[in-house]
Structures are given as structure tokens and as C-alpha cells.
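# Structure assessment
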Amino acid sequence: MSENSVTAGRRTLPAQVYVEAAARAAGLAVAAADTAMHAVSRAVAREASQLEVAMHAAHHEAQEAERFARWAGEWEADGISVATLANYAARAVDAAVRAQAAAGTETTAAPLRAELERPLTEQERAEKERAARREKAREEDEARAATGMDADNRNQTFMNRHFAEQYVSELGWTAGHVRVMESAATGRLYWRNGQARQAPKQDVLDGGRRLSRVRTRALHAARFLTAIRRESGARLLILSPQGRVALELARLYPEGLYADDRSAYEARYARCARSWMSSDGKKDAARRLPPLDLSALRAYRRPVTLAEQEARAQTEADGRWEDDGGPCPGVPTPRPASIVPGPDSADGFLVDPAPAAAAAELPDARVPEAERALPRPRPRARADAGQRDRSAVSPSVIRRPQRTLTAEEKRRVWDMALLNLHGALIMGITDPVPNPSAMTEEEGAWVREHAWPGHFHEIERKYAFGFARWAMCERGTCWNCLAGRCDRCVHRQRGGPHVDNNTDWVHGLRGRRVAKVIVRPGGEPCVWWCRCPCSKNAAAPAAQPSPGPVREPDDAEGVAPAPEAALDADVPKARERQQALF
């Protein structure tokens, strides 16, 4: 195998590139073999023998090229990897080059090697990343459907089984010990008058079927069970923390249990017998159950299913404050806006019409000096159950046009990694609106390609519309309004917009700051008002019910639905807003 064949398997070009290259190489090799055959048929006697040798060599290489091209064309049916497909294509190209060399024709197959070794284009790299994410998401969905757990808990289950294979046999249990422990796990195992029984109902410690008192005493003596005295004189036996872990491990690896009490006794005897013990001492030690190894008790973690996680999240959400849907880690707790109802506005929405109209024409409208402070007064005590004491005027809202995403743009947003999608929603760059600029889009792309450092491109590729290119005033709609929760609009809760002082720096070759960029001579701040048409400083609208999860469509030509926090289908206004925004 040539060096090119070895290295070609490491390439990550699309599979169709390798299939087409192999087919073209086979065609060139066959053409070279035909040329050699025609040369033999027209040769004179003294040249015929030499041309015949070349013809056979070219024919052999042509057969090799056709064989690898046929295998490359059937790679999907054969279930081979793309790396193996790359090797097939490289071998077909090598065979074509050798066939042309043997036939004495021009080696037109050599450029195919450069095509196989070329780097990925930006479009191919992006498509490969999207395909990898889709495949990973599909595998994760299948695993979740099969196990009911996420990746972390599945991994914890695997580790728990590994611990079980190591420690269950050391417990010296039989299936009878597990039955006693399972009865205690139900809360119905009790001890009375020297006999262990399983009560027919909880909290009714009377009657029920009998269980082995020898095993029950041994489990209690080894502290797998804990006894609780009742007023009736019975003792309720429940699982201790050690017993709970030991029972879970025994369920994970039942093969570690012994077939009967005799074999379990013999295993414990062989494990605990010491040369300095007497015969009776060895027997007494073998009758006692050993405790669970401390390392297993520390390493075991009970996996949590997705249903249990949802129930826990719902329980935690019920205990949190409701105005903002609970705290967001890493984000300061927002304060609700204070507004004053006035005679010119029925709902207390105090907006100066002139600045709002000007902002609709000029996306980066200047904010008056009085509005830069952006006061966020704390809510005072409520005068009654339904009204807040509104004592401060919130800043005027700057209205800017919204952006309606096309089907292709929606697909690009959905193809983002989940963590980047969350970041884009928080920063408002899932539907940004660029400001008018003297530089065209092609010129801006040239600057980004040739002037930006490499680490800029790494984070830029992770977002549907880029990351570092958007100013504060070019951001789009907040995540709550995209979800139809205008009552939780970010800027309603903040009492004003996000503000950027436009400070930036010019860095030298060594990364040091050499000059300060003056974006606006007057120092006017750049502000982001959510572009949703909802009121930002009026009375909060009624909260809409939270929807269920929405999945990405499988068809490539369908329009991607709303994100997970999509609008409820039973709310017409929310649906119309979602269709307009996202």
C-alpha cells in the first residue's frame, strides 16, 4: 500500500467525494488499458513483445482500479467506515496512475490525489459538524428511550454494575437474603415474638407471611437493617444506608448471589478463616455476614431517571419565586420595572412618540442623557393585593425593527450546539438586525477572513449568525419574548435596556493594548431594547402556560419549529407572535 493510501484514510472529506474520485480513476485506468491494447494491435513485430507486456500491466492495474471503485460505490451497503472508503479511493487513484504509466499515456489521474488530500471547505466542515451533532442527538434519543436516563446517569449505572460485580460476592448473600431486604424496602418487615413477618399493609404490623428469622437476624446484626420500636411491641425493620446500597448492588448483579445457604456459608468460611482461630471461632465468623466494603459505599451513586429529574425540577420550581420563573445561575436577579400611569396612556406606557419614531428609522438612535443612568428602583410595598406602588418613571423604549428568519436561517439556528443556542438566546443574537454600514457584506467577510485572529473564527463558527460582529444595539429579541412570555420580558424586569459604553482597544503584535477605539465622539452608549412589540414598561400581561418540548423536524425542507420554550398551541396571540419572530 502506498503512503497516499495510508494517509487518505485519515481524511474527513464527504463520502461522495471519494466515490466520485474512485469512479473517475477507474475510467481513466480502463482508457489507458484500451490505449495499450490498440498500440499492440498496430505495432510491428519487433515492438509487439514489449508493448504486449505494457498492455498486460495496464490491464492488471485497470482491473485493480475497477475493483476498488466498485467497492467504493457499495460502501453504504457494506457498512464500512468513511476512513475505509477513503483508502478505496486512494488505491483506485494509485492503480489508475500506474495503468497510465504502463500504457505510456499522460498521467491525468495524478491530480485526483490532490483532490483527495485537500482540506475541508467551510461549508463542508459546517455540514460535517451538523451531521455529527444530529447523529449524536439521534443516538442520545435512542439511549434515553431505551433506558429512561441521560448520559451521565447511564454512565453511573455502568459504574455501579462494575462495583456490583466486585463486591456482591463478598457479601455472602443468597436469594433469600435479597427477599428479606426487599421486604424491608417496602416498609412492611417487622419482628415480633422471635419471628420475622411481612405485614400485608404498611403501618399495620400484624399478621402476614413469615420470613427466615435466621437471615433476618444476620442482616440486622451486620447493620443492613435498622429496628424501630412500635407501641404495639413490634419492631419495624427498615433498610440502613449501607443496606440500601447493598440491595441495589445485589439487584444489579444477581449472578454474585450464592445458590443456597450452604455454598454461601462455605464461601464466608473460606474468606474469614484464619490460622490462629479455633474451629468454633471460624464457624462463628462464617455465620456472621460481613459488612459492605467502605469503598463501594462511597463510590455508589444512585442514578436518576429523566422522569425523576422532571418531578424534582417541578418540585423545586414550585418553591421558587414566580415573577421571573426562578433564578438563572450566573445571571443577576432582575428587578421589575416601576411605571407610573399617566393621563396620556391608558396602560401607563409612557413613551415619547418622537424618539420612538426616530428609532424606527435609525436603528442606533442616541439615548438622551437623562436615560443613560437607567434607574432600577426596587418595588415598594404593595398598596393592595393586585397593584404595586409605582413611584418612578422608567426610561423611554426605543422601538427597532424586528427580523423574521427564513427557513434556512431557522435551520442554521437549530443546528447550533445546545450550549451555544442557550448563549445566543440570552445575548439576543438568534435574530440580530445589522445597522446600515458603508462596508458591504463581501468586504466585511474579507476583513473577517484575513484580519481576524484564529480564535475569533473558532467562536464565530459556533453561532448561526456569528458572535463578535454584533453591537449591543444590533441584538434582536430576548429569549422570554421568543417563548411567548412577554410578561417576563428581560427589559421589563430590568427596568431598562442593556447598555454598552462602546469601549474597545487596538492591540499590538504582542497582544498589548496600544490605543483606545473611539466609536462615538460624544460617548453615547449603545443600548439593546428587546425588539418584541410588547410593552416594556406597562402593566405586565397575563402569564401564559408553559409549553411542552418541541423537537427539530427530520425533513430538511420543513420549517424548523420554535425552540424548546415555544408558544403554547392554545394561545392564539402567542402563536402569531412566535410565527412572526421565529
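These numbers were taken from a predicted model, which means no experiment stands behind them.

## Some remarks on the pairing of strand E8 (residues 513-518)
- Where burial is concerned, little of E8 is hidden: zero out of the six residues are buried.
- Bridge analysis of strand E7 (residues 503-507) against E8 gives five bridges, and the strand direction is antiparallel. Residue Asp-504 lies in a different strand from E8, and its bridge partner there is Val-517.

## What to know about unusual backbone geometry
- Positive phi values are uncommon outside glycine, yet Asn-193 reaches one of about 55°.
- With respect to the helices and strands, Asn-193 occurs in the loop between strand E1 (189-192) and strand E2 (195-198).
- Residues other than glycine seldom take positive phi values, yet Asp-203 does so here, at roughly 65°.
- With respect to the helices and strands, the residue Asp-203 is situated in the loop between E2 and strand E3 (209-211).
- Residue classification places Asp-203 among the exposed positions, given a relative accessible area of 70%.

## Considerations on a nonpolar patch on the surface
- A cluster of nonpolar side chains, Val-506, Val-514, Val-517 and Val-519, forms an exposed patch at the surface whose accessible area comes to about 300 Å².
- Relative to the helices and strands, Val-514 resides in strand E8.

## Comments concerning the layout of surface pockets
- Considered as a void within the structure, the second largest pocket measures approximately 1600 Å³ in volume.
- Together, 38 residues line the second largest pocket, and Trp-452, Ala-468, Arg-469, Trp-470 and Ala-471 are the ones closest to its centre.
- Counting residues per element, the ones that place at least two in the lining of the second largest pocket are helix H20 (441-450), helix H21 (454-460) and E7.
- Each residue belonging to the lining of the second largest pocket can be placed in one class, and the counts come to 20 nonpolar, eight polar and 10 charged.

## A word on the pairing of strand E5 (residues 235-239)
- Summarising the sheet, E1 and E5 pair through two bridges and their orientation is antiparallel. Bridged to Trp-191 within E5 is Arg-235.
- The pairing of strand E4 (residues 225-229) with E5 spans five bridges and is antiparallel. If you follow Arg-229 over to E5, its bridge partner there is Arg-235.
- The hairpin formed by E4 and E5 contains five residues between the paired strands, and Gly-233 there has a positive phi angle of roughly 100°.

## Looking at the pattern of salt bridges
- Per the stated rule, a full pass over the model turns up 25 salt bridges.
- Between Asp-94 and Arg-113 there is a salt bridge, and its shortest N-O distance comes to 3.0 Å. Residue Asp-94 is located in helix H5 (residues 82-103), and its partner Arg-113 is located in helix H6 (residues 111-117); the two are separated by 19 residues in the primary sequence.
- With a shortest N-O distance of 2.8 Å, Arg-144 and Glu-140 are connected by a salt bridge. Here the residue Arg-144 and the residue Glu-140 both occupy positions in helix H7 (residues 122-147), the gap between them amounting to four residues, near one helical turn.
- Arg-144 gets classed as partly exposed once you look at its relative accessible area, which sits at 33%.
- Connected through shared salt-bridge partners, Glu-127, Arg-130, Arg-134 and Asp-415 make up one network.

Thresholds, definitions, all that
- Residues numbered from 1 in each chain as written.
- Predicted model: local features only at pLDDT ≥ 70, side-chain atom pairs only at ≥ 80, totals over all residues.
- Heavy atoms only, no water.
- Buried < 20%, exposed > 50% of the residue type's maximum accessible area, 1.4 Å probe, protein only.
- Helix = DSSP H or I, 4+ residues; strand = E, 2+ residues; numbered from the N terminus.
- Pairing = 2+ DSSP bridges.
- Patch = residues over 30% accessible without salt bridge, like charges linked within 9 Å, V, L, I, M, F, W, Y side chains within 5 Å.
- Areas by Shrake-Rupley, 256 points an atom, 1.4 Å probe, with all protein chains shown as cover.
- Salt bridge = Lys/Arg side-chain N within 4 Å of Asp/Glu carboxyl O.
- 1 Å grid on protein atoms, 1.4 Å probe; cavity = no way out; pocket = protein on both sides within 12 Å on 5 of 7 lines; lining within 4 Å.
- Points joined across faces, edges and corners; volume = space filled by probe spheres on them.
- Nonpolar A, V, L, I, M, F, W, Y, C, P; charged D, E, K, R; others polar.

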